[in-house]
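Observations on chain architecture
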Amino acid sequence: MENKTFVVIISSIVMLIGAGVLLFVLLLKFDLFLLILGGLLVFIPVIFIKNQLNKSETIEDKTYEWYKEKYPDNVQGDFVTCFTCENNSIDVRPLIHETFQHEIFCTQCAKTLYYSSKSPS
Ligand SMILES: [Zn+2]
């Protein structure tokens, strides 16, 4: 399983437990210690999830859609240009370590623009 997904799932479970503790405290039996504990169980996973989502982009994140959003001036429909040198000779090569993933790169400055799981036709 992907690390990011794993952290998000674990954090969600901890959050649910925290929410359960909070519900118990508020509805059934008030206890300051459990209230703080429940609060922490809800609060800490939020920070974890936020950290995960803010992490640097991985291959899965750097898609055509991502590139289009980040560099709207460099994508005009199917016409894609390099965001560093504005060159339009873009080529595709398969990634060695990631099967079924292709790297779309600039032939001028060799900069990677984005990744695609689709094989170029
Ligand atoms: Zn370039």
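The structure we're discussing is the one just above.
Residues numbered from 1 in each chain as written. Predicted model: local features only at pLDDT ≥ 70, side-chain atom pairs only at ≥ 80, totals over all residues. Heavy atoms only, no water.

For the structure shown, the criterion picks out 2 salt bridges. Here Asp 31 and Lys 29 are joined by a salt bridge, their closest N and O atoms 3.9 Å apart. A relative accessible area of 23% means that Asp 31 is categorised as partly exposed. The exposure class assigned to Lys 29 is partly exposed, which follows from its relative accessible area of 48%. (Salt bridge = Lys/Arg side-chain N within 4 Å of Asp/Glu carboxyl O. Buried < 20%, exposed > 50% of the residue type's maximum accessible area, 1.4 Å probe, protein only.)

Another aspect to go through is the coordination of the zinc ion. Tetrahedral metal sites with four donors have an ideal angle of 109.5 degrees; octahedral sites with six donors have ideal angles of 90 or 180 degrees. Protein coordination at the zinc ion comes from Cys 82 (SG), Cys 85 (SG), Cys 106 (SG) and Cys 109 (SG), with a distance range of 2.2 to 2.3 Å. Between the donor residues of the zinc ion, the gaps in sequence give the motif C-x2-C-x20-C-x2-C. Separated by 24 residues along the polypeptide, Cys 82 in the loop between β2 (79-80) and β3 (90-94) and Cys 106 in strand β4 (residues 102-106) bring together distant segments of the chain. Assessed through its relative accessible area of 0%, Cys 82 is described here as buried. (Donors = N, O, S within 2.8 Å, 3.2 Å for Na, K, Ca; no water. Helix = DSSP H or I, 4+ residues; strand = E, 2+ residues; numbered from the N terminus.)

The next thing to look at is the nonpolar core. Trp 66, Tyr 67, Tyr 71, Val 75, Val 80, Cys 82, Ile 104, Cys 106, Leu 113 and Tyr 114 together form the largest nonpolar core, which totals 10 residues. Secondary structure elements with two or more residues in this core: α3 (64-70), β4 and β5 (112-116). (Core = buried A, V, L, I, M, F, W, Y, C linked by side-chain atoms within 4.5 Å.)

Next up on the list: the packing of helix α1 (residues 3-27) against helix α2 (residues 32-54). Remark: α1 packs on α2, axes separated minimally by 8 Å, with the N-to-C direction vectors making an angle of 160°. Looking at the two axes, α1 sits roughly antiparallel to α2. At the point where α1 passes α2, the crossing takes the left-handed sense. The residue makeup of the contact of α1 with α2, split by class, is 20 nonpolar, 6 polar and 1 charged. (Axes fitted to C-alpha atoms, helices over the stretch in contact; angles between N-to-C directions. Parallel < 35°, antiparallel > 145°, perpendicular 65-115°, else oblique. Left-handed = near helix turned anticlockwise from the far one by under 90°. Nonpolar A, V, L, I, M, F, W, Y, C, P; charged D, E, K, R; others polar.)

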